[in-house]
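What follows is the residue order along each chain.
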Amino acid sequence: MENRKIQTNWNVITGGPCTGKTTVVDLLAKRGYKTTIEFARHYIDMQEIKGRTVEEIRKNKKEFQLNVLKMQIAKESILDPHEQVFLDRALPDAMAYYQFLGLKYDDILLEECHKYAYHKIFILDRLPLTNDYARLEDESEQVRIHNLIISVYESLHFPLVHVPVIPPEERVDFILKNI
C-alpha cells in the first residue's frame, strides 16, 4: 500500500445515521459550495428503481457495502484535489460500516482510504433517531456507528471538528468558520 496521500481541499461532513449530514450538505450547496451526495442512499434509490426492496438490497451486506464503496471511489477519483468540496461522507466511513457489520476489509478499501488527505472532517453530533425507507438502525446501532466513524477518522489522523446540535443554518455557519 502506498503511504503517500493526495492532499485535497475536501471537507467531509460525517457522523452516524440521523445526524443531519445531508441537510447540512444541501444547505452548503444552496450557498454555492460544491458538494457530493451520500452514496448508500443513492445506491438504494437506484436499486429500488430496478424493483428491489430495501431488505433485498441490504440482505447481502458485503455486496451492498462494496457497491456503495465503488460509487464513492468513482466520485472521489474525478474530483479536483485543489477545489473546495464538501463530501456527504467519504471513503473512511466505509471502514466504520465494515467494522459495524463484521466484514473483513477489502484490499481496495484499505488502498483507497489511505489515498486522500482530506482537509477537515466535520463530525456532526447526533440528533434523535428517525427511521425512513433507507435507514434501518436502532438508537444503540446509531451510537455504535457514530463512535466507529469517529474512531476510524482518528486512527487515520485526520483533523476532526465536532459540530454541535444547533439549528442547521447555524451548523453550516459553524463549519464555514472552522475550515
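Above this note sits the structure.
Residues numbered from 1 in each chain as written. Predicted model: local features only at pLDDT ≥ 70, side-chain atom pairs only at ≥ 80, totals over all residues. Heavy atoms only, no water.

(A) Structural view of the side chain of E38. For E38, the location among the structural elements is in the loop between β3 (34-35) and α2 (39-49). Relative accessible area serves as the criterion here: at 18%, E38 is assigned to the buried category. Among the polar contacts made by the side chain of E38, one reaches the main-chain amide nitrogen of A40 at a distance of 3.3 Å. If sequence neighbours within four positions are ignored, E38 has contacts with T22, D88 and R89. (Helix = DSSP H or I, 4+ residues; strand = E, 2+ residues; numbered from the N terminus. Buried < 20%, exposed > 50% of the residue type's maximum accessible area, 1.4 Å probe, protein only. Polar contact = N/O pair within 3.5 Å; in protein donor to acceptor, adjacent residues only side chain to side chain. Contact = heavy atoms within 4.5 Å.)

(B) Main features of the sheet that holds β3. With parallel pairing, 5 strands are arranged side by side in an open sheet as β3-β4-β2-β6-β7. Only two strands of the sheet have a single partner each, and these edge strands are β3 and β7 (160-163). With 4 bridges joining them, strand β2 (residues 10-14) and strand β6 (residues 120-124) adopt parallel strand pairing. Paired with V12 across the strands is I121, a residue of β6. Across the sheet, helix α7 (residues 139-155) is in contact with β2, β6 and β7; its angle to β6 comes to roughly 165°. (Pairing = 2+ DSSP bridges. Axes fitted to C-alpha atoms, helices over the stretch in contact; angles between N-to-C directions.)

(C) Molecular detail of the packing of helix α1 (residues 21-30) against helix α8 (residues 168-177). At a closest axis distance of 9 Å, the pairing of α1 and α8 adopts a crossing angle of 70°. Put simply, α1 runs roughly perpendicular to α8. Across the interface between the two elements, T23, V24, L27 and L28 of α1 pack against P168, E169, R171, V172, I175 and L176 of α8. When the residues that make up the contact of α1 with α8 are grouped by side-chain class, the tally is 7 nonpolar, 1 polar and 2 charged. (Parallel < 35°, antiparallel > 145°, perpendicular 65-115°, else oblique. Nonpolar A, V, L, I, M, F, W, Y, C, P; charged D, E, K, R; others polar.)

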